[in-house]
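Remarks on the overall topology
Residues per chain, in single letters:
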Amino acid sequence: MTLAVLAYVLLLSAVTPADPHPRPPLRVGILHSHTGRLAQAEKPLNDATVMAIDEINAQGGLLGRKVVPILADGRSSRRVFAKETERLLTRGGVQVIFGGYESAARRSMIPVVERNGGLLFYPAVYEGGESSRRVVYTGATPNQYITPAIQWFLDNGARTFFLVGSDYIYPRVSLALVHSQLMSSGGRVLGEEYLLPRSRDVKGTVLRIHKTEPDVIVSALAGDTNGPFFSALRSGDADAQRIPTLNLVADEWELRSLEARRKSGAFVAGDYVAANYFESLPDHVNQTFVREFKRRYGVPHVSDTVAAAYAGVHLWARAVRAAGNTSPEAVLRSVRGASVKAPGGTVYADRQNRHLWKRARVGRIRLDGRIEPVWSSEAVIRPAPYSPYRSKQEWDSLVSYLYQGWGKRWERKPGGPKLPLESRPGAP
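The residue count restarts for each chain, going from 1 along the sequence in the order it is written. For a predicted model such as this one, the threshold for reporting local features is a pLDDT of at least 70, and the threshold for listing and counting side-chain atom pairs is 80 or more; totals across whole chains, interfaces and linings nevertheless cover every residue. Side-chain metrics rest on all non-hydrogen atoms present in the structure, leaving aside hydrogens and water.

What to know about the pattern of salt bridges
What counts is decided by this rule: The term salt bridge refers to a pairing of a side-chain nitrogen on Lys or Arg with a carboxyl oxygen on Asp or Glu at a separation within 4 Å. Where helices and strands are cited, they refer to DSSP runs of H or I of at least four residues and of E of at least two residues respectively, numbered from the N terminus. For the exposure calls, accessible area comes from a 1.4 Å probe over protein chains only, and a residue counts as buried if that area is under 20% of its type's maximum, exposed if over 50%, partly exposed in between.
Scanning the entire structure with this criterion turns up 23 salt bridges. In this structure, the salt-bridge partner of Arg115 is Glu86, at a minimum N-O distance of 2.6 Å. You can see Arg115 sitting in helix H4 (residues 103-115) and its partner Glu86 sitting in helix H3 (residues 78-90), a full 29 residues away along the chain. Judged by its relative accessible area of 56%, Arg115 is exposed. Between Arg295 and Glu292 there is a salt bridge, with the nearest N and O atoms lying 2.6 Å from each other. Here Arg295 pairs with Glu292, and both are found in helix H10 (residues 284-297), just three residues apart, close to one helical turn. Taking the relative accessible area as the measure of exposure, Arg295 reaches 60% and is therefore exposed.

Details of the packing of helix H2 (residues 39-58) against H10
In helix packing, the relevant descriptors are the interaxial angle and the interaxial distance, both defined with respect to the helix axes. Put simply, the rule is: Only the contacting stretch of a helix is used when fitting its axis, a line to C-alpha atoms as for every element, and angles between N-to-C directions run 0 to 180 degrees. For classification purposes, an angle smaller than 35 degrees is called roughly parallel, one larger than 145 roughly antiparallel, one from 65 to 115 roughly perpendicular, and anything else oblique. Only heavy atoms matter for contacts: two residues are in contact if any of them lie within 4.5 Å across the pair. By the convention adopted, Pro, Cys, Tyr, Trp, Phe, Met, Ile, Leu, Val and Ala count as nonpolar, Lys, Arg, Asp and Glu as charged, and the other residues, Gly among them, as polar.
Closest axis-to-axis distance for the H2/H10 pair is 11 Å, and the angle between their directions is 110 degrees. Looking at the two axes, H2 sits roughly perpendicular to H10. The residues of H10 that touch H2, namely those facing Pro44, Asp47, Ala48, Val50, Met51 and Asp54, are Phe289, Glu292, Phe293, Arg296 and Tyr297. Tallied by class, the residues present in the contact of H2 with H10 amount to seven nonpolar, no polar and four charged.

Let's talk about the packing of H2 against helix H11 (residues 304-323)
The cut-off we apply is this: The sense of a crossing depends on the near helix, which, turned anticlockwise from the far helix by less than a right angle, makes the crossing left-handed and, turned clockwise, makes it right-handed.
Between H2 and H11, the shortest axis-to-axis distance is 8 Å and the interhelical angle comes to 35 degrees. Here the hand of the crossing between H2 and H11 comes out right-handed. Here Pro44, Leu45, Ala48, Thr49, Met51, Ala52, Ile53, Glu55 and Ile56 of H2 come into contact with H11, specifically with Thr305, Val306, Ala309, Tyr310, Val313, His314, Ala317 and Arg321. Tallied by class, residues from the contact of H2 with H11 come to 12 nonpolar, three polar and two charged.

A closer look at the packing of aromatic side chains
Counted only if it meets this: Pairs were defined over the aromatic rings of Phe, Tyr and Trp, the Trp ring being its six-membered one, requiring ring centres within 6.5 Å. Orientation was assigned from the angle between planes: stacked under 30 degrees, edge-to-face over 60, tilted for the rest.
Scanning all chains against the criterion turns up 11 aromatic pairs. Relative to Tyr137, the ring of Tyr126 has its centre 5.0 Å away and its plane inclined at 20 degrees; by these criteria the two rings are stacked. Of the two residues, Tyr126 sits in the loop between strand S4 (119-122) and strand S5 (135-137) while Tyr137 sits in strand S5, which places them 11 residues apart along the sequence. Each member of the pair, Tyr126 together with Tyr137, is buried. A ring pair is formed by Trp152 and Tyr272, whose centres lie 5.6 Å apart and whose planes are at 50 degrees; its orientation type is tilted.

Observations concerning the sheet that holds strand S6 (residues 160-166)
Backbone hydrogen bonds are what pair the strands of a sheet, in a parallel or an antiparallel way. For the record, the criterion: A pair of strands is labelled paired if DSSP reports no fewer than 2 bridges between them.
The sheet built from seven strands is open, its strands ordered S7-S6-S8-S9-S10-S14-S15 with mixed pairing. With one partner strand each, in any of the chains shown, strand S7 (188-195) and strand S15 (371-376) form the two edges of the open sheet. Strand-to-strand twist across the sheet, computed as the mean angle between neighbouring axes with direction ignored, equals 25 degrees. The pairing of strand S14 (residues 361-365) with S15 spans five bridges and is antiparallel. Residue pairing for S15: Arg361 is matched across the bridge by Ser376. Helix-sheet contacts for helix H7 (residues 203-212) involve S6, S7 and strand S8 (216-220), and the interaxial angle to S6 is about 175 degrees.

Here you go:
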């Protein structure tokens, strides 16, 4: 080819588009808290979602379209989550939203998603007691992490338990399940207490734990309450060797941050975590994901919820490719039974309830803050949004009782009524 011909070809390629009819980009919503009290916890979920989208685009996008994330800020408020869900679906040009973290946010988003015919991929573990056909739950149901962890302690000789949680929907329903499981399995509950969300007044609860001396503390305390609680708990002789804590809310990110901030002593070392994923899992897919996520965002830890947020995007993409269509209805049909290689192992979307089949794991916190798996289920566990320890009607009644009793909120507010346990529907 002469230089003149080559120059002509290059000129044509510069002025002639490769595709004269390019397809419009595919807009998807990402709704997490960028501001407010949950921003630090939710930022990694936003990052994992964007990272997965970038990987999809690097492989050519979906159905010949580039995927464009439309970011929104839930501002750590259930009302803002609902409002932003409405805006994204009605004016933001999106049909699918990846987001939500706290149960209050999810429960506020779902009616909006259902009303507008959208689709939500929700990444966090949750308390069960619901199953929306417009939601793909990529976190776990209680039978995939809480129930197996309690059984593991029972199998290893524990018989007495003290339950403590923050007074909002997730801990109340989750610990009601634990209570029912223990009553059915020969365990005893020596105490069950709930503290105001974000409360730092833990002294009375810690004193009662010391007094009753349970074999295990089951904690569903959230956020700012964990630091004062563990500090007070471990300041005496109730170390983790003697009275271990099983954590149902605080994930790998939060617990290792607590360990890094401790003033003296390793006050969470030796305690346990119920989860489906730990960053220390040795398989190649996980180690590649952890290495790339840390390199890209400069974070020290990767949590269960981060891995679930990342896997959810790839599961959605697989369903879109299989359906050849991006509509929520097509994706909902295609996602049933779909699988994806996730950082914690291959996960499968249940054909009936659109939750993922997952392995259950129990991990122990080491002195360096890392979490070492000590037990894993032999196979993936089918998700059960409604625990068999009570009827569906009883679980629905409990959720309604809490919501109505808190003044149509999903948590007890300061000065609000402290709902008695003996009045809850289905209480033993």
